[in-house]
Amino acid sequence: MKSKHFLLVFLLQVVAISVQAARVDTVFVKSPSMNKDIKVVYILPDKTMAEHPQACPVIYLLHGYSGNARSWIGLKPELPQIADEKGIIFVCPDGKNSWYWDSPKNPAYRYETFISSELVNYTDTHYATIPEKRARAISGLSMGGHGALWNAIRHKDIFGAAGSMSGGVDIRPFPNNWEMKKQLGELTANEAVWNSHAVINQVDKLANGDLALIIDCGESDFFLEVNKELHKRLLAYKIDHDFITRPGGHTGTYWNNSLDYHILFFCKFFNR
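Residues numbered from 1 in each chain as written. Predicted model: local features only at pLDDT ≥ 70, side-chain atom pairs only at ≥ 80, totals over all residues. Heavy atoms only, no water.

Next up on the list: the sheet that holds strand β3 (residues 58-62). Strand pairing in a sheet is mediated by backbone hydrogen bonds. Such pairs are either parallel or antiparallel. Read from one edge of the open sheet, eight strands run β1-β2-β4-β3-β5-β6-β7-β8, paired in mixed fashion. For this open sheet the edge positions go to β1 (23-31) and β8 (242-246), each flanked by a neighbour on one side alone. For this sheet, the mean inter-axis angle between neighbouring strands, taken without regard to orientation, is 20°. Pairing between strand β5 (residues 136-140) and strand β6 (residues 161-165): two bridges, direction parallel. Across the sheet, I138 pairs through a bridge with A162, a residue of β6. Its contacts with the sheet put helix α8 (residues 224-236) on β7 (212-218) and β8, and the angle it makes with β7 is roughly 150°. Each of β3, β4 (89-93), β5, β6, β7 and β8 is contacted by helix α9 (residues 252-271), which is oriented at about 165° to β7, the strand it contacts most. (Pairing = 2+ DSSP bridges. Helix = DSSP H or I, 4+ residues; strand = E, 2+ residues; numbered from the N terminus. Axes fitted to C-alpha atoms, helices over the stretch in contact; angles between N-to-C directions. Contact = heavy atoms within 4.5 Å.)

In this section: the packing of helix α4 (residues 111-126) against helix α5 (residues 143-154). As a packed pair, α4 and α5 sit with axes 10 Å apart at the nearest point and diverge in direction by 60°. Viewed along their axes, α4 and α5 form a crossing whose handedness is right-handed. Touching Y111, E112, I115 and S116 of α4 are W150, N151 and R154, all from α5. Taken together, the residues that form the contact of α4 with α5 break down as three nonpolar, two polar and two charged. (Left-handed = near helix turned anticlockwise from the far one by under 90°. Nonpolar A, V, L, I, M, F, W, Y, C, P; charged D, E, K, R; others polar.)

Moving on to the packing of aromatic side chains. All told, the structure shown has 13 aromatic pairs when counted by the stated rule. On the numbers, 5.9 Å between centres and 70° between planes, the contact of F265 with F266 is edge-to-face. The two residues F265 and F266 agree in class, both being buried. Each residue in the set W99, W101, F174, W178, F222 and F223 is aromatic and connected to the rest through ring pairs, giving one cluster. (Phe/Tyr/Trp six-rings, centres within 6.5 Å; stacked < 30°, edge-to-face > 60°. Buried < 20%, exposed > 50% of the residue type's maximum accessible area, 1.4 Å probe, protein only.)

With a phi angle near 50°, K96 is a residue other than glycine that sits in the positive phi range. Tracing the chain through its elements places K96 in the loop between β4 and α4. Judged by relative accessible area, which is 39%, K96 ranks as partly exposed.

Laid out in structure tokens, this is it:
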């Protein structure tokens with residue numbers, strides 16, 4: 001009887017160890033440029049919290065319009081398990097409805113500075129990261145797909161890889177949507193500003209090999225055509241990239257599946 005009891009205790013201990021998952025922290029990161037605290041969700045693999053922490057690569061995940069810092073953990077509840085399995089830190093900031101620009105119209109919105117400078121510096125200071133671009137990737141969905149490419153292309157010294165899922169990569173066909181004119185002004189009166197704040201018009205800033213790029217979009221998504229145009233632009237500039245379309249729309253189901261491909265792509269980048 002005692003042997004059965006000890007066996008049961010042992011098995012329970014094994015199960016407890018096997019299901020141990022990454023820690024999910026919600027913190028407030030100070031943004032000096034905006035003079036406010038920004039909510040950020042960190043998903044930290046066990047190895048970064050051990051007695052002798054192991055430094056891990058980082059993937060920054062940006063939410064879409066009307067989302068928040070907890071959007072990704074809601075869309076992909078298994079992120080803690082993935083963090084442990086792959087040895088990756090996930091960082092999910094609250095970008096409001098900023099499109100992750102430094103707004104030329106609204107000084108209270110400096111989310112490019114926050115994402116590519118302040119947040120990266122905070123992360124590397126407070127967690128066991130590999131503080132180099134070879135171990136730093138950024139991706140996002142919809143508005144966040146735009147924001148990930150916008151920040152990565154403009155900060156190639158910070159990010160080594162970038163992705164976009166269903167990204168609004170050309171904003172100009174949608175001048176009255178998603179509060180963009182709050183950041184850029186009306187399109188008709190600010191055409192040059194809109195042109196210069198569209199991801200598709202940043203391609204000329206890239207040389208092949210600057211960034212490892214993965215871009216995908218659902219075949220039923222209203223952003224499909226602008227993503228196809230970005231693909232053509234990248235081909236014209238001879239920029240290597242992965243471009244994928246698959247069945248699906250602008251939905252959580254699509255993004256839950258899409259993130260698996262982005263993580264695989266980024267892991268190959270980190271390990272090369």
